[in-house]
Amino acid sequence: MAGESSRILRSVFLRMVLAAVVAGGAAAWFTSRMPDQYRARALLIMAPMPITHQKAPMTQVDFYGDTPAPYPKYLRLGYMETLPMPDYKLILTSEEMARRVRDRMRALYEARGMDPGGLSVSGIRRAMDVQVKIFKQTYQELEYQQVVELLLAGTDPEILAEATNYWAEESITFANELRFAGRQGMLDFFDRQIEATEALLDGERAAIEAIERESDPDALADRIAHLEQAVTEAQIEEARLTADPEAAPERLPAEHARIQAILGQLQPKIAELREQWAAQRRQLDRHRHKAAYYESQLEELAMGQYAARVTSQDVTPEFKVASPAFPPEDKTGPMRSLIVVAAAVLACMAMPVHYFAMYALRRYVEQLEDRG
């Protein structure tokens, strides 16, 4: 029985050694055919562009009150907010960016007379990596470092370095395109707001012109003044008759009746005209207040539009290259020794399982034959 056990163990050991040698040799042959892997790195630093940081004196009109009350106001334009770092990571490894890098690598391979192989957008995207590190993290705040690492994996160090530098330049261009889109959106916003405000202002001015054309408040005020003067004259005449009743006793009742008739006609008419004049003045004041308000808004919008146009012409990169990529010297893969050792270890572990499984199967078959 001891001899049988020793024989089994020797057989298992020899099988394990043989499997390890075969698996290790196969792994060594396979890894020898794999190209060396390198990874190039370029560093970008954030360089956000301020719009402006000035105080522009403006005049704001208070819409409420009896008359528009202008008071000084300042238009403050701060920094354009940069995107969060995770958003930049998504953008810089997007399919569009991968396509640009893929096309550049193809051109580099073809310029050297080399076969670019099966370069694909998805493959290049898997080879691209953007590393951003957290600078400060609290319960309410998360702040990233301003340095961004662009990492690109490949097999040719020279091409890899050029492609990484191209990626860095395209990242700057791409970020500027996004910033320009933001600037253009801001300019479009100002244009729409100015157009809408001008339409509102034109409507108020047209309403003012219509009121002044159809019912002139100044002419109405003159008419009221003329009627009031007539009332005053009638009242003075009545007071004179009352003070000297013997001056014309035979005509006194008739004169009193005539004056009362005049007053009875003029006073209701004056009250009616005063009500019309007050309504017209209220309408004019309301439209003039609105017109003054829209004029002040146009001034403020024009100042903002001017500031946006000036700064949109001053193009400052969103990123700057802090360190370009150089041809990498150290290989990052494949880990040939590790692959060979792993293959040999796995083969050693699999061989006893296979041996005893086959041994148990043979014993089971022998038992079945003996029963038969």
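In case you missed it, the structure is sitting above this.
Read on for an overview of the structure.

### A look at a nonpolar patch on the surface
1) Next: Where nonpolar side chains cluster on the molecular surface, the patch consists of Met358, Leu361, Tyr364, Val365 and Leu368 and spans about 440 Å² of accessible area.
2) Next: Of note, Val365 is situated in helix α8 (residues 336–371).
3) Next: With relative accessibility at 36%, the residue Val365 sits in the partly exposed group.

### Overview of helix α2 (residues 85–92)
Along an α-helix, residues three or four apart share an orientation, since each turn contains 3.6 residues.
1) Next: All of the buried residues along α2 are Met85, Tyr88, Ile91 and Leu92. Down the axis of α2, the sector holding all buried residues measures 115°, keeping them to one side.

### Thoughts on the packing of aromatic side chains
1) Next: Inspection of the entire model under this criterion finds 3 aromatic pairs.
2) Next: Consider the rings of Tyr88 and Phe319, whose centres lie 5.0 Å apart with planes at 75°: the pair is edge-to-face. Taken together, the residues Tyr88 in helix α2 and Phe319 in strand β8 (residues 319–323) connect sequence positions 231 residues apart.
3) Next: Overall, Tyr88 belongs to the buried group, its relative accessible area being 5%.
4) Next: Judged by relative accessible area, which is 0%, Phe319 ranks as buried.
5) Next: Sitting over the ring of Phe174, Arg100 keeps its end group 5.0 Å from the ring centre.

### So, the sheet that holds strand β1 (residues 38–46)
1) Next: The strand order across the open sheet formed by 4 strands is β4-β7-β1-β8, and the pairing between neighbours is antiparallel. Lying at the two open borders of the sheet, with one neighbouring strand each, are β4 (128–131) and β8. Put simply, the sheet's adjacent strands are angled 30° from each other on average, direction ignored.
2) Next: Bridge analysis of β1 against β8 gives 4 bridges, and the strand direction is antiparallel. Bridging across to β8, Ile45 finds its partner in Lys320.
3) Next: Across the sheet, α2 lies against β1, β4, β7 (147–154) and β8, angled at about 165° from β4, the strand it touches most.

### Here we look at the nonpolar core
1) Next: With 33 residues, the main nonpolar core has Met105, Met128, Leu150, Leu152, Trp167 and Phe319 as its most contacted residues.
2) Next: Elements represented by at least two residues in this core include exactly β1, α2, α3 (95–111), α4 (121–127), β4, β7 and α5 (157–214).
3) Next: With 8 residues, the single largest contributor to this core is α5.
4) Next: Not counting chain neighbours up to four residues away, the residues in contact with Met105 comprise Leu119, Ile124, Leu152, Ile159 and Ala163.
5) Next: Counting residues in hydrophobic clusters, the runner-up holds 12 residues, among them Ala291, Leu298, Leu301 and Ala308.

Rules and cut-offs
- Residues numbered from 1 in each chain as written.
- Predicted model: local features only at pLDDT ≥ 70, side-chain atom pairs only at ≥ 80, totals over all residues.
- Heavy atoms only, no water.
- Patch = residues over 30% accessible without salt bridge, like charges linked within 9 Å, V, L, I, M, F, W, Y side chains within 5 Å.
- Areas by Shrake-Rupley, 256 points an atom, 1.4 Å probe, with all protein chains shown as cover.
- Salt bridge = Lys/Arg side-chain N within 4 Å of Asp/Glu carboxyl O.
- Helix = DSSP H or I, 4+ residues; strand = E, 2+ residues; numbered from the N terminus.
- Buried < 20%, exposed > 50% of the residue type's maximum accessible area, 1.4 Å probe, protein only.
- Arc of directions from axis to C-beta.
- Phe/Tyr/Trp six-rings, centres within 6.5 Å; stacked < 30°, edge-to-face > 60°.
- Lys NZ or Arg CZ within 6 Å of the ring centre and 35° of its normal.
- Pairing = 2+ DSSP bridges.
- Axes fitted to C-alpha atoms, helices over the stretch in contact; angles between N-to-C directions.
- Contact = heavy atoms within 4.5 Å.
- Core = buried A, V, L, I, M, F, W, Y, C linked by side-chain atoms within 4.5 Å.

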